[in-house]
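Structural characterization, general
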Amino acid sequence: MTCASIFDLSCATHEDDSTSPQATSHYLLAQLLLTTHYIIDQQPRSSDQSALVVTTSLMNHRACFINHQQPSGPASLPALAHQLFSKMPALFSTSGDAETQHPPSQSITDENGSKWRLCAGAAVLNSKNQLLIGERIGKSGSWQAPQGGVDGGPKQETVIEAASRELYEEVGLKSNHHVILEKIDCELPVPLKCKYKTTGTGSWLEKEGFVGQELNWVIFRCANSNLERDPSQITNLAGLNGETPEFSAVRWENIDWVVENIWEKKAKPYRVLEEALQPLMKRWDERCADPSFTGRWARDASRSVGVVEGLIARGLSEEKAKIKAKEPYIQDWQQHRDKREWSVLTYDIDGETPRRELLYPLGDFEEVFEGESTLFGGTDGGVVKRSCFYLAEMDADDSNPIAHVTVSETPRGREESLRYMKNGELILRRTFWHSWRSDKVVSTEVFVKSERT
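Scope of this entry: the structure provided in the associated data block. Model, not experiment: these values are computed from the prediction.

1. A look at the sheet that holds strand β15 (residues 382-392)
- The strand order across the open sheet formed by ten strands is β13-β12-β11-β10-β19-β18-β17-β16-β15-β14, and the pairing between neighbours is antiparallel. One side of each edge strand has no neighbouring strand; the edge strands of this open sheet are β13 (354-360) and β14 (363-369). The sheet shows a mean angle of 25° between the axes of neighbouring strands, taken without regard to direction.
- Contacts from helix α9 (residues 267-288) reach β15 and β16 (402-410) within the one sheet, and its direction differs from that of β15 by about 130°.

2. Digging into empty space enclosed by the protein
- For the coordinates displayed, the defined rule picks out three cavities of 30 Å³ or more.
- Here the largest cavity defines a volume of roughly 50 Å³.
- Along its surface, the largest cavity is lined by Ile 180, Leu 181, Glu 182, Lys 183, Arg 221, Trp 284, Arg 287, Ala 392, Pro 401 and Ile 402.
- Class assignment for the residues of the lining of the largest cavity results in six nonpolar, no polar and four charged.

3. Let's talk about the pattern of salt bridges
- Considering all chains together, one arrives at 27 salt bridges under this definition.
- One salt bridge in this structure joins Lys 183 and Asp 398, with 3.2 Å as the shortest N-O distance. Taken together, the residues span a long stretch of sequence, with Lys 183 in the loop between β6 (179-181) and β7 (193-197) and Asp 398 in the loop between β15 and β16 at a distance of 215 residues.
- On the basis of relative accessibility, which here comes to 25%, the residue Lys 183 falls in the partly exposed class.
- Salt-bridge contacts for Arg 314 lead to Glu 415; the nearest nitrogen and oxygen are separated by 2.2 Å. You can see Arg 314 sitting in the loop between α10 (307-313) and α11 (318-326) and its partner Glu 415 sitting in strand β17 (residues 413-422), a full 101 residues away along the chain.

4. A short note on the pairing of strand β8 (residues 210-222)
- Summarising burial for β8: 13 of the 13 residues are buried, a large majority.
- Note: strand β2 (residues 115-125) against β8, eleven bridges, orientation parallel. Directly across from Leu 118, in β8, lies its bridge partner Glu 214.
- Pairing of β7 with β8 involves five bridges; the strand directions are antiparallel. Its bridge partner being in β8, Tyr 196 is matched across the sheet by Gln 213.

5. Some details on the side chain of Glu 425
- By the element assignment, Glu 425 lies in strand β18 (residues 425-434).
- At 2.7 Å, the side chain of Glu 425 forms a polar contact with the side chain of Arg 303.
- Setting aside chain neighbours within four positions, we find Glu 425 in contact with Trp 297, Arg 303, Tyr 420, Val 446, Phe 447 and Val 448.

6. Things to note about the environment of Ala 301
- For Ala 301, the position within the fold is in the loop between β10 (295-299) and α10.
- For the pair Ala 301 and Lys 324, spaced 23 residues apart in sequence, the C-alpha to C-alpha distance is 10.0 Å.
- Here Ala 301 is in contact with Ala 325 and Lys 326, once residues within four sequence places are set aside.

Calculation notes
Residues numbered from 1 in each chain as written. Predicted model: local features only at pLDDT ≥ 70, side-chain atom pairs only at ≥ 80, totals over all residues. Heavy atoms only, no water. Pairing = 2+ DSSP bridges. Helix = DSSP H or I, 4+ residues; strand = E, 2+ residues; numbered from the N terminus. Axes fitted to C-alpha atoms, helices over the stretch in contact; angles between N-to-C directions. Contact = heavy atoms within 4.5 Å. 1 Å grid on protein atoms, 1.4 Å probe; cavity = no way out; pocket = protein on both sides within 12 Å on 5 of 7 lines; lining within 4 Å. Points joined across faces, edges and corners; volume = space filled by probe spheres on them. Nonpolar A, V, L, I, M, F, W, Y, C, P; charged D, E, K, R; others polar. Salt bridge = Lys/Arg side-chain N within 4 Å of Asp/Glu carboxyl O. Buried < 20%, exposed > 50% of the residue type's maximum accessible area, 1.4 Å probe, protein only. Polar contact = N/O pair within 3.5 Å; in protein donor to acceptor, adjacent residues only side chain to side chain.

And the structure:
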């Protein structure tokens, strides 16, 4: 970008006098950041620091506010501002090498006296047993999982703590919120760690006397429906905790593809990961096919929470919502041919007359409904887009910590229905996001096993 183009961008103005003060402030901030980025980009610095590539994001924000559109992408303007200005002292400084940017890491010394940097890798798996990877900034086609050194110092990190921190700093995901630790209740064929050499690369590791790194894998499982469906919509790639951004994009990918396409110097730890994951992926599929949901379930209205509020949010009057929340709600759950899929029969309030039978397949599907629907809205029927998958669930029984998830896109909003087993009962947690409001409504319903009459 040239000074002339910066000037041209700065001279562009909104022609619509109704532009809100907030939109104008965002527009001016985008202009300022573009100019700042140009100035910073002209400074001499090491190749490690040149990874600060944000022009495209800033141009996107500026164009969106000119056209009165909502900007897309994971990096907000405040995040980009913090990213740029926090780096300015280091970028303008002519002293100090890139390696001084790295916090001191723990290390190990092998029997030959060689020093290895202790490193943690965050392997996040989705319901399809795919791995979350990011494309490295400035290195098109170079994809890898989040990783980094295990901090030393007075308060030394554990490998799990380091992996959780790197996951947050590099892609903005929080442990025990977006992801949870994978339950490892089977024997692994190989340890979840591997040494790989970096000598000959000219990296700061080599200059510090390390022959390479020992990468210790920590396995996480996706616990967030938005992350499961599209990680680009929920990750934050701006670089958190003051760290330089690592990735320009994220996606789910099969582990065999990752192994085949990873940088050769890092191929060894990813081959180890692929081998170690085989029994874990098999165990996950077994959990998803667990028959615990099988049987007839009746809602215990006295122990359910937030149901009235949820029904009001879907358009019912308070009076009707209170009546419907107390009505009998009975369903039969039976495993389909693919045991991870379910056939569900819902009964009328008499508990005997079948009202609706539906197959819940894995993946995306459409449901056609007739007449009035509290969930979908309207009185004349229609078609609703839905999606089913499984997520890790912290509140579920420890013996099978997963949940069956159905996401429904309705005219009134988006609903996530999450079901899991706890102490022999089926828990249904619904989260409803209005199509016209930014808030959400959460309800929890308790179902107990019911004998067929």
